[in-house]
Amino acid sequence: MTRPRVHRRPLLRPVPLAAAAVAVALLGAVVVAPPATAAGVTRATTASRPVADPAASVDPFIGTSHDGNTWPGATAPFGMVAWSPTGTAGDQTSTPVANGYSYDVNRLRGFSLTHLNGAGCAPGAAGDVPIMPVTTAVTTSPSADTTDAVYAAGYSHDQESASPGRYGVQLDNGARTDLAVTTRAGIGAFTFPAGKAANLLFRTSNSINGSEDATTSVDPRTRTVSGSVLTGGFCSRRANGGGATNPDRRSYYRLYFTATFDRDFTSTGTWKDSTVQPGGTHVSGGEGYLTGADRAGRGSGAWIGFDARRGATVHARVGISYVSAEGAVANRDGEVGRRASVDSVAAATRASWNQELSRIRVGGGTPERTTQLYTAVYHALMQPNTLNDRDGRYLGPDQRVHRIDPGHRAVYGTYSGWDQYRAQIQLLALLRPDVAGDMAQSMLRFAQQNGGVWDRWLHLGAPTHVMTGDPSAATLATWYAMGVRNFDVRAAYQSLRTQATTQNADALSDIGCPGQCLAQRPGLDQYLQRQYAANDDCHCWGGAAETLEDSISDSALGYWASSLGLRSDARMFAARATYWENTFDPAVGYQAARQADGSWTPDWSPSTGVGFAQGTSAQYTWLVPQDVQGLSQALGGDTAAVARLDTFFHDDSGAFAVTGGDATKFDPTNEPDIHTPWMYNALGQPWKTQETVRRVVDDAYGTGPGGLPGNDDLGTMSAWYVFASIGLYPQTPGRADMLVASPTFSTVDIRRSSGQRIVIRSSGTDTFVQGAQLDGRTLRRSWVPSSFVNRGGTLSLQVGAAPDTTWATAPRDRPRDR
């Protein structure tokens, strides 16, 4: 469908080619590739030769509307800092969307130092330390400005610009902001108009979810503002059946920040709640984690003023740390030198982005598809987020400071497990297996610091308990299958095995249910006894969903155990991978919730969400990627299964219906069924996979702010688009086999960080595969084996406008479940 285009007038000057050498000298240990030449988004080539400057094709505004929940600000690959605007719709205790910025809201109250990409829980988390330039005197408390009527400012998208590593906007109050970042630090240029007040607000307590406490200190002598905010609370405003006992209505990190300026302060001041202290230099006070009247008017911060009688541009070097104030200073000074400029920092980080984006080189696609592809890779590689300081220290979930393990380059946090294990983690392993290994090691350490529990959803390193299932098991098993080895494999496997076989202390708790159930592998003993999660006795979000998710994770553990030579474990987990059969109701032909006494939960319909998590019976029925043949038999055989799948993607008239909105149809906006377009391969009709995937690409995705179908969920929806664009998709969690469809580019050249090269060549960009070769030999299968990923190779496809109903249709040519 047609999407609105982004209209903006570039504010940022082009970066000269010579800037790379300057950037290296100024920034210290920042890894860069050859620099790009211009900020902003340009149109990509349609030639078959690979795109030379992929960063120029990235549009950070894609997904900033239509519930994509992305944001356009400055960040580095896997960055700790994400310096981006926080919007306001007239309520200081909330934001327009989960992560603060909505393209549809043209008023801002600050530029915050941290963000989550695409999380759907509103509000999400982070958005820490909004910094706001204002051109009026500060005479009242900004915290008391509860409707953001005084200290927020409007802006126009014509005055806004974004590119990888840089963001700028001219506000209606006359101030201009230009931001660039490294991994842990950043530099901002704030330009104030002549003849007006020139003040910067540090709204330290005003994190997106609020805060328990905040401290701000101003030192005019060193021209420094520093402080910290004690916060957390991902999804904390949702009652989730737990009311005041919501397990995430709590603090689980303190962010330290420091900002040093190149101009003297002409004034200072602080505020707490409604009290203003002109000349003040130190203040403390939090806001709480609620919203509306329960939080309105609370909070603290400080401001600094500058002489702008003739206009002024003020530069701030900023650093953050989750460990200490000293760590924030060291991160700042180690990554943004005193001679750094916004241009030099932006050039270096853009070069780093080009290095990451160039791991997929594409050619022969349209400009729009090229922009979508590289923006999707960009979004998918925003996370995991670097958590450790430059000295190797990091904050664990036990609220203690730890040190990075020898041999690892970074500790990474933030893991949206239920979302990411279906596409994002596979793309991460495909492009950066070294980062995936560091993430695996980080997750192992977080679990050990969390009493042995691998939580489903980590913000930084802290458990949030969000969603359902055991996605860490599927994730690490998949990474191992895809060749990731730089983590403690045996320790990680044994820890996940223990979690899957030994009931933990919280297993029978209903705190936080549904949505944020405290227990991981809830009610495990009962689950193993019944071989399904009873909807009325599961201590989980939904019994059918929990059964399906755990069956996938157990299947993945079985594959992993087999690879490790643990035959007994492999047999045990393979048997548990079939537990999905126990929540399949043959009387109706769907997955359904089941009670502890074995009966089916009453009042079932295909559109019911009872027993499921963010989905319906019709959508979850297909969540058996590990046993497609078993599911096919349960549905009455391949012919019947194909007919059911056809109705899943089409309306009553036979037209494609792949944009969501019908509880009985495919939903591209959420994860439980995003694998289903690829299931035709296993059912012997791969041409329908090719057609359906292409329709989802064309109808549900686009360019412009509305270019994502729904929450990006830490890059998951973007990663799905990347796989659809290159014509490959992960077959099953715990394996490295890839399903084949048709790419939207004639050339795809993937260079894994581990050295393997994967090339996909296509005779064009038509929809239907009419023949294939793998490393020069005829390929009659609709899938490629794990060796293609782990050793590299060349897949050549002949494509055309008409379906080939004979290619890869024989039973021996279909993807294998075992």
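Relevant structure appears above.
Residues numbered from 1 in each chain as written. Predicted model: local features only at pLDDT ≥ 70, side-chain atom pairs only at ≥ 80, totals over all residues. Heavy atoms only, no water.

Looking at the overall build of the protein
Thinking step 1. Looking only at helices and strands, the protein features 18 helices and 35 strands.
Thinking step 2. For 818 residues, the compact-globule estimate of 2.2 N^0.38 gives 28 Å, and the protein sits close to it at 26 Å.
Thinking step 3. Dimensions along the principal axes, computed over C-alpha positions, put the protein at roughly 80 × 60 × 55 Å.
Thinking step 4. Here the protein holds 818 residues, and the buried ones make up 67% of them.
Thinking step 5. Across the protein, every contact between residues at least 6 apart in sequence was considered, and the portion connecting residues at least 24 apart equals 73%.
Thinking step 6. If you sum the accessible surface of the protein, you get close to 25,600 Å²; carbon and sulfur atoms cover 48% of it. (Helix = DSSP H or I, 4+ residues; strand = E, 2+ residues; numbered from the N terminus. Rg over C-alpha atoms; globule rule 2.2 N^0.38 Å. Buried < 20%, exposed > 50% of the residue type's maximum accessible area, 1.4 Å probe, protein only. Contact = heavy atoms within 4.5 Å. Areas by Shrake-Rupley, 256 points an atom, 1.4 Å probe, with all protein chains shown as cover.)

Notes on the nonpolar core
Thinking step 1. Core analysis: the largest hydrophobic core is formed by 203 residues, its most contacted members being Phe 261, Trp 479 and Trp 560.
Thinking step 2. Those residues in contact with Trp 479 that lie beyond four places of it in its chain are Ile 425, Leu 428, Ala 429, Ala 436, Met 439, Ala 440, Met 443 and Val 484. (Core = buried A, V, L, I, M, F, W, Y, C linked by side-chain atoms within 4.5 Å.)

What to know about helix H6 (residues 424-431)
Thinking step 1. H6 sits mainly inside the fold: eight of its eight residues count as buried.
Thinking step 2. For H6, the set of buried residues is Gln 424, Ile 425, Gln 426, Leu 427, Leu 428, Ala 429, Leu 430 and Leu 431.

A closer look at the state of the cysteines
Thinking step 1. Throughout the structure, instances matching the rule amount to two disulfides.
Thinking step 2. One disulfide bridge connects Cys 513 with Cys 517, the sulfur atoms lying 2.1 Å from each other. Taking the sign of the torsion about the S-S bond as the criterion, the disulfide between Cys 513 and Cys 517, at about 140°, is right-handed. No difference in accessibility class separates Cys 513 from Cys 517, as the two residues are buried. (Disulfide = S-S within 2.5 Å.)

A few points about the packing of aromatic side chains
Thinking step 1. Evaluation of the coordinates by the stated rule reveals 29 aromatic pairs.
Thinking step 2. With a centroid separation of 4.6 Å and 55° between ring planes, the pair formed by Trp 353 and Tyr 378 is classed as tilted. One end of the pair, Trp 353, is in helix H3 (residues 342-357); the other, Tyr 378, is in helix H4 (residues 367-380), and 25 residues separate them in sequence. Each member of the pair, Trp 353 together with Tyr 378, is buried.
Thinking step 3. Grouping aromatic residues by their ring pairs yields a cluster made of Phe 202, Phe 257, Phe 261, Phe 265 and Phe 306. (Phe/Tyr/Trp six-rings, centres within 6.5 Å; stacked < 30°, edge-to-face > 60°.)

Some remarks on unusual backbone geometry
Thinking step 1. A cis amide bond links Gln 383 with the next residue in sequence, Pro 384, at an omega value of 15°.
Thinking step 2. Along the polypeptide, Pro 384 turns up in the loop between H4 and strand E19 (385-386).
Thinking step 3. Each neighbour pair has its own omega, and for Cys 513 with Pro 514 the value is -10°, a cis peptide bond.
Thinking step 4. By the element assignment, Pro 514 lies in the loop between helix H9 (489-501) and helix H10 (524-530).
Thinking step 5. Positive phi, close to 55°, is recorded for Arg 223, a residue that is not glycine.
Thinking step 6. Position of Arg 223 relative to the elements: it lies in the loop between strand E10 (213-219) and strand E11 (224-232).
Thinking step 7. Of note, Met 467 is a non-glycine position whose phi angle comes to about 80°, a positive value.

Considering the pattern of salt bridges
Thinking step 1. Inspection of the entire model under this criterion finds 31 salt bridges.
Thinking step 2. Between Glu 356 and Arg 432 there is a salt bridge, with the nearest N and O atoms lying 2.5 Å from each other. Taken together, the residues Glu 356 in helix H3 and Arg 432 in the loop between H6 and helix H7 (433-448) connect sequence positions 76 residues apart.
Thinking step 3. The exposure class of Glu 356 is buried, given its relative accessible area of 6%.
Thinking step 4. Where salt bridges share partners, they join Glu 356, Arg 359, Arg 409, Arg 432 and Asp 434 into one cluster. (Salt bridge = Lys/Arg side-chain N within 4 Å of Asp/Glu carboxyl O.)

Remarks on the pairing of E11
Thinking step 1. Most of E11 is tucked away, with eight of its nine residues classed as buried.
Thinking step 2. With seven bridges joining them, E10 and E11 adopt antiparallel strand pairing. Of the residues in E11, the one forming a bridge with Asp 213 is Leu 230.
Thinking step 3. Pairing of E11 with strand E12 (residues 251-261), which is carried by nine bridges, proceeds in the antiparallel orientation. Bridged to Gly 227 within E12 is Phe 257. (Pairing = 2+ DSSP bridges.)

Topic: the side chain of Thr 716
Thinking step 1. Take Thr 716: it is sitting in helix H17 (residues 716-726).
Thinking step 2. Take Thr 716: its relative accessible area is 0%, and that puts it in the buried class.
Thinking step 3. A distance of 3.4 Å separates the side chain of Thr 716 from the backbone oxygen of Asp 419, its partner in a polar contact.
Thinking step 4. Those residues in contact with Thr 716 that sit more than four places away from it in its chain are Asp 419, Gln 420, Ala 423, Gln 424, Glu 671 and Ile 674. (Polar contact = N/O pair within 3.5 Å; in protein donor to acceptor, adjacent residues only side chain to side chain.)

Quick notes on the side chain of Gln 499
Thinking step 1. Relative to the helices and strands, Gln 499 resides in helix H9.
Thinking step 2. Under the relative-accessibility criterion, Gln 499 is labelled buried at 6%.
Thinking step 3. Within the local environment of Gln 499, its side chain forms a polar contact with the backbone nitrogen of Trp 454, the two atoms lying 2.8 Å apart.
Thinking step 4. Those residues within four positions of Gln 499 in sequence are excluded, and the remaining contacts are Gly 452, Val 453, Trp 454, Asp 470, Gln 520, Arg 521 and Leu 524.

Re the packing of H6 against H17
Thinking step 1. One way to put it is that H6 packs onto H17 with a least axis distance of 8 Å and a crossing angle of 60°. It follows from the interaxial angle that H6 and H17 lie oblique. Note that H6 runs across H17; the crossing there is left-handed. Contacts between H6 and H17 involve Gln 424, Gln 426, Leu 427 and Leu 430 from the former and Thr 716, Ala 719, Val 722 and Phe 723 from the latter.
Thinking step 2. Here the contact of H6 with H17 is built from residues that sort into five nonpolar, three polar and no charged. (Axes fitted to C-alpha atoms, helices over the stretch in contact; angles between N-to-C directions. Parallel < 35°, antiparallel > 145°, perpendicular 65-115°, else oblique. Left-handed = near helix turned anticlockwise from the far one by under 90°. Nonpolar A, V, L, I, M, F, W, Y, C, P; charged D, E, K, R; others polar.)

Brief notes about empty space enclosed by the protein
Rolling a probe over the atoms, with the probe sized like a water molecule, indicates the empty space that remains.
Thinking step 1. Scanning the model with the defined rule gives 13 cavities of 30 Å³ or more in all.
Thinking step 2. Taken as a whole, the largest cavity spans an internal volume of roughly 150 Å³.
Thinking step 3. Together, 19 residues line the largest cavity, and Gly 79, Met 80, His 115, Leu 116 and Asn 385 are the ones closest to its centre.
Thinking step 4. Its residues placed into classes, the lining of the largest cavity shows nine nonpolar, 10 polar and no charged. (1 Å grid on protein atoms, 1.4 Å probe; cavity = no way out; pocket = protein on both sides within 12 Å on 5 of 7 lines; lining within 4 Å. Points joined across faces, edges and corners; volume = space filled by probe spheres on them.)

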